[in-house]
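Coordinate inspection notes
Chain by chain, the residues run as shown.
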Amino acid sequence: MVDGSLSGHWRGRSVLVTGHSGFVGSWVCVLLTRLGAEVTGFSLNEDEPTRERGRWLGSFGVSQIVGDVRDYQAVEQAMGARRFDAVLHLAAQPLVHVGISDPRGTLESNVGGTINVLDAARRYPPLVLVLVTSDKCYRNYGGERPYKEGDELGGGCPYSVSKAVAEQVFEAYGRYFPNSGEGTRVASVRFGNVVGGGDHGSRRLVTDYVAALSAGEHPRLRDPSAVRPWQHVLDVCEGLLRLLTRLADGRVPSGRSLNFAPPDGGAPVGRMAEALASAWRAGGGTPLAPVGQEAISGEERVLRLDGSTARRALEWRHRFDVEEMAVSIVSWHRDVFSGSAPEMATSRQVEEFLAQSTIGAHS
């Protein structure tokens, strides 16, 4: 269940979310505003999906600053706009294949942006700050054992390197954010594969699969036996709010890095694909059989992530298994395909999530 203390914690709290108009950012902003937080978003909004999210997030009361996380002056001005209770740094270049085609831009966003946010926090210290990176920060050792927080950082492609270096930057700045006194309390989070309605990133299994289903086309799979640590965006959002809350009250030590991953560490791509097809079929659709697709260079076949430390530290569990994720994703997209605005489909699922837990009981 969701921590009942969260229901009252966020009312009236000021939160800055970088990358707020991205996929995860938009969901966490809707959840925060529903819990009564005063949310400020900072994003570049460089493509139509993020511009659209930026527009509709404003209808939920999210104040928006258009800026580039690579621009230190813009980041500093945003951080200095007020004394924020919490900063959640999500802004990043999030795609492996874009990292291959644009290594410089990826490193500037993911490494330079992290430096800018952490350095601005020294001058304008929030109460707590959480940096989000990725499971791709770990050096690929070619095995099937789930990665743990103490494993070696590294990478075989520009995107992976950018996430590993972002974690090392976080470590380098640790001395400026002590675990005592009045300074900012910080943590980093390494996400497994986050899925949910409204993710428009290209060359992602769930996004491309649902697009193919809706178009009556054959979905494409690179490797059905590949394993990924799938987790629903609402589970991840709950974990982030738990972490921010427990950082603030001292139940999680400052400077900690945590993996966010499902209890089983990961599941095959084929299982997710079949779950999506089954959910589509249950709604009256007739999915076509998947066909093969060329793999992305440098992509790991098996990537499992050990999230047990975060589950213990945050007293948190994932509510969605793979099949429930698929049902939620297909439901969101069917709502939109039938005429609902994306913000309404998102809001409905947030409300359902709150209604099934204690998080919104007193909000």
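So, here is what we can say about the structure in this document. Predicted model, so just to flag it, every value in this text is computed and none were measured.

1. A closer look at the overall build of the protein
Across its full length, the protein carries 13 helices and 13 strands. Principal axes of the C-alpha set define a box for the protein whose edges measure 60 × 45 × 40 Å. In the protein, which comprises 363 residues, the proportion classed as buried is 57%. Across the protein, contacts joining residues at least 24 apart in sequence account for 82% of those joining residues at least 6 apart. Per element, the accessible surface of the protein, about 14,400 Å² overall, is 49% carbon and sulfur.

2. A few points about the packing of aromatic side chains
For the structure on display, the rule yields seven aromatic pairs. On the basis of an interplanar angle of 55 degrees and a centroid distance of 5.7 Å, the ring pair of Y173 and Y176 is categorised as tilted. Relative to W316, the ring of F260 has its centre 4.6 Å away and its plane inclined at 50 degrees; by these criteria the two rings are tilted. Of this pair, F260 sits in strand β11 (residues 256-260) while W316 is found in the loop between α11 (308-314) and α12 (322-337), placing the two residues 56 residues apart along the sequence. Neither residue differs from the other here; F260 and W316 are each classed as buried.

3. Structural notes on the nonpolar core
If you look at soluble globular proteins, the nonpolar side chains tend to sit buried side by side. Among the nonpolar cores identified, the biggest contains 71 residues, and V130, F191, W230 and L276 are the most heavily contacted of them. It is helix α9 (residues 233-248) that provides the largest number of residues to this core, a total of nine residues. Residues within four places of L276 in sequence aside, it is in contact with V206, Y209, V210, L213, A326, I329 and V330. Ranked by size, the runner-up nonpolar core spans 22 residues in total, among them V69, A91, L118 and A120.

4. Here we look at unusual backbone geometry
The phi dihedral of N45 is positive, around 55 degrees, even though this residue is not glycine. Relative to the elements of secondary structure, N45 occurs in the loop between β2 (38-43) and α3 (48-58). A relative accessible area of 11% means that N45 is categorised as buried. Unlike most non-glycine residues, E315 shows phi in positive territory, near 50 degrees. In this fold, E315 is placed in the loop between α11 and α12.

5. Side note on the pairing of strand β4 (residues 86-89)
One face of the sheet, then the other: side chains in a regular strand alternate in exactly this way. The side-chain alternation of β4 yields two buried faces, one formed by A86 and L88 and the other by V87 and H89. Where strand β1 (residues 14-18) and β4 come together, four bridges link them in parallel fashion. Bridging across to β4, V15 finds its partner in A86. Taken together, the four bridges between β4 and strand β5 (residues 128-134) define a ladder with parallel strand orientation. Within β5, the residue paired with H89 across the bridge is L131.

6. A word on the sheet that holds strand β3 (residues 63-66)
With parallel pairing, seven strands are arranged side by side in an open sheet as β3-β2-β1-β4-β5-β6-β11. The sheet is open, and its two edges are formed by β3 and β11, each paired on a single side. Strand-to-strand twist across the sheet, computed as the mean angle between neighbouring axes with direction ignored, equals 20 degrees. In terms of strand pairing, strand β6 (residues 185-191) meets β11 through five bridges, oriented parallel. From the neighbouring strand, R190 faces β11, where its bridge partner is N259. With respect to the sheet, helix α4 (residues 72-79) is in contact with β1, β2, β3, β4 and β5, its orientation differing from that of β2 by roughly 175 degrees. Against the sheet, α9 contacts β4, β5, β6 and β11, and its axis sits at roughly 145 degrees relative to β5.

How each quantity is defined
Residues numbered from 1 in each chain as written. Predicted model: local features only at pLDDT ≥ 70, side-chain atom pairs only at ≥ 80, totals over all residues. Heavy atoms only, no water. Helix = DSSP H or I, 4+ residues; strand = E, 2+ residues; numbered from the N terminus. Buried < 20%, exposed > 50% of the residue type's maximum accessible area, 1.4 Å probe, protein only. Contact = heavy atoms within 4.5 Å. Areas by Shrake-Rupley, 256 points an atom, 1.4 Å probe, with all protein chains shown as cover. Phe/Tyr/Trp six-rings, centres within 6.5 Å; stacked < 30°, edge-to-face > 60°. Core = buried A, V, L, I, M, F, W, Y, C linked by side-chain atoms within 4.5 Å. Pairing = 2+ DSSP bridges. Axes fitted to C-alpha atoms, helices over the stretch in contact; angles between N-to-C directions.

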